[in-house]
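# Fold and geometry: a report
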Amino acid sequence: GNYMVIVTDASMCTATDEVVISKPYTPVTTPGNALMFNGFDSYADLGFGPELDFGTGDFTLEAWVNTFAPMTQVVIGKSDMMNGFWLGVDNNKAVFNIGNVQAIGTTDVNDGYWHHIAGVRSGGMMHIYVNGQLEHSIANTANINTMGNLEMGAYQGGFPFSGYLDEVRVWS
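Residues numbered from 1 in each chain as written. Predicted model: local features only at pLDDT ≥ 70, side-chain atom pairs only at ≥ 80, totals over all residues. Heavy atoms only, no water.

## Observations regarding the overall build of the protein chain
What counts is decided by this rule: Helix and strand definitions here come from DSSP, where helices need a minimum of 4 consecutive H or I residues and strands a minimum of 2 consecutive E residues; each element is numbered from the N-terminal end. Type-normalised accessible area, obtained with a 1.4 Å probe on protein chains alone, sets the label of each residue: buried when under 20%, exposed when over 50%, and partly exposed for intermediate values. Here a residue-residue contact requires only that any non-hydrogen atoms of the pair lie within 4.5 Å. All accessible areas in this document rest on Shrake-Rupley with a 1.4 Å probe, and a residue is counted as covered only by the protein chains that are shown.
Helix and strand counts for the protein chain come out as 0 helices and 15 strands. For the protein chain, the residues scored as buried account for 43% of the 172 residues in total. Restricting the contact set of the protein chain to residue pairs at least 6 apart, pairs at least 24 apart contribute 61%. Total accessible area computed for the protein chain in this model is approximately 8500 Å², and 56% of it derives from carbon and sulfur atoms.

Structure (structure tokens):
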């Protein structure tokens, strides 16, 4: 269905946009109002926004995740097939990818328990955090300027997420 979303940034600027969720989702009660993604064809297309073209600047992606799935799966990402960024899980570990450079966590996060994962780019370095602990850092100054839509639960329509997502956030 179609839903209206209001986004407020740290400087209290707001934007309203329509979000299209490709398939019905199942809300769950713990924690908060998590969404269940089926790992096949459920994802949320959050639309295009030039404010999500971070250039070489700092930004953060974060979410609470709960999954058993072992495959590559994306929590949130944006790409136009040329460049982009995503936060997700690959080989059971949390991954933050910017322009094909990856910060990869060390904790297994596909164990059916809730984990907080965060990808941070700050000062030309990218970092992956799992449950508040820094697990990997690597240099990255890729210029993010993409015409693709921001997607939750998929990346370029692929790499579908299987499990629950809650409190998915993008910060700049």
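Continuing now.
## So, the pairing of strand β10 (residues 101–108)
Note the following rule: The rule for pairing is simple: two strands pair if DSSP sees at least two bridges between them.
Of the strand pairs in this sheet, strand β9 (residues 93–98) and β10 are connected by 5 bridges, and their pairing is antiparallel. In the sheet register, V95 faces β10, and the bridge partner there is I104. In sequence, β9 turns back onto β10 through a hairpin of 2 residues, with G99 there showing a positive phi of about 55°.

## Notes on unusual backbone geometry
One non-glycine residue, N131, adopts positive backbone phi at about 50°. Relative to the helices and strands, N131 is located in the loop between β12 (125–130) and β13 (133–139). Residue N131 is classed as partly exposed on the basis of its relative accessible area, which comes to 39%.

## As for the nonpolar core
Inclusion rule: What makes a nonpolar core is a set of buried Ala, Val, Leu, Ile, Met, Phe, Trp, Tyr and Cys residues whose side-chain atoms join them at distances within 4.5 Å.
Counting residues in hydrophobic clusters, the biggest one holds 28 residues, and the most contacted among them are V75, F85, F96 and I117. Contributing elements (two or more residues each) for this core: β4 (35–38), β6 (59–66), β7 (73–79), β8 (84–90), β9, β12 and β14 (150–152). For F85, the contacting residues outside a window of four places in its chain are L52, F54, F59, L61, I76, G77, K78, N97, I98, I144, L150 and Y155.

## Regarding the pattern of salt bridges
Note the following rule: Between Lys or Arg on one side and Asp or Glu on the other, a salt bridge is scored when a side-chain nitrogen of the former is within 4 Å of a carboxyl oxygen of the latter.
Enumeration over the complete set of coordinates arrives at 3 salt bridges. Here K78 and D53 are joined by a salt bridge, their closest N and O atoms 3.2 Å apart. One end of the pair, K78, is in strand β7; the other, D53, is in the loop between β5 (44–45) and β6, and 25 residues separate them in sequence.

## Focus: the side chain of S79
Basically, it comes down to this: In protein, a polar contact requires one atom able to donate a hydrogen and another able to accept it; more generally it is a pair of N or O atoms within 3.5 Å, and residues adjacent in sequence count only if both atoms are side-chain atoms.
Of note, S79 is situated in strand β7. By relative accessible area, which is 10% here, S79 ends up buried. A distance of 3.2 Å separates the side chain of S79 from the backbone oxygen of N83, its partner in a polar contact. At 2.6 Å, the side chain of S79 forms a polar contact with the side chain of Q156.

## Re the layout of surface pockets
Selection rule: Definitions used for this entry: grid spacing 1 Å over protein atoms alone; cavity, a set of points where a 1.4 Å probe fits but cannot get out; pocket, an open set with protein on both sides within 12 Å along at least 5 of 7 lines; lining residue, one with an atom within 4 Å of a point. Grid points are joined across faces, edges and corners, and a volume is the space filled by probe spheres set on the points. The classification used treats Ala, Val, Leu, Ile, Met, Phe, Trp, Tyr, Cys and Pro as nonpolar, Asp, Glu, Lys and Arg as charged, and all other residues, Gly among them, as polar.
Approximately 210 Å³ is the volume found for the second largest pocket. As for the second largest pocket, its lining consists of 16 residues, and the residues nearest its centre are W86, N97, N100, Y155 and Q156. For the lining of the second largest pocket, the secondary structure elements donating two or more residues are β7 and β8. The element that contributes the greatest number of residues to the lining of the second largest pocket is β8, accounting for 3 residues. Of the residues belonging to the lining of the second largest pocket, the class tally is 6 nonpolar, 9 polar and 1 charged.

## Things to note about the confidence of the model for the protein chain
For clarity, the cut-off: The predictor attaches a confidence to each residue, called pLDDT, with possible values from 0 through 100.
Residues with a pLDDT of 70 or more make up 81% of the protein chain, whose mean pLDDT is 85. Here residues 5–10 is modelled with pLDDT under 50, and outside its nearest four sequence neighbours on either side it reaches 12 contacts, counting other chains as well. Note that pLDDT drops below 50 for residues 23–29; the model gives that stretch 12 contacts with residues more than four away or on any other chain.

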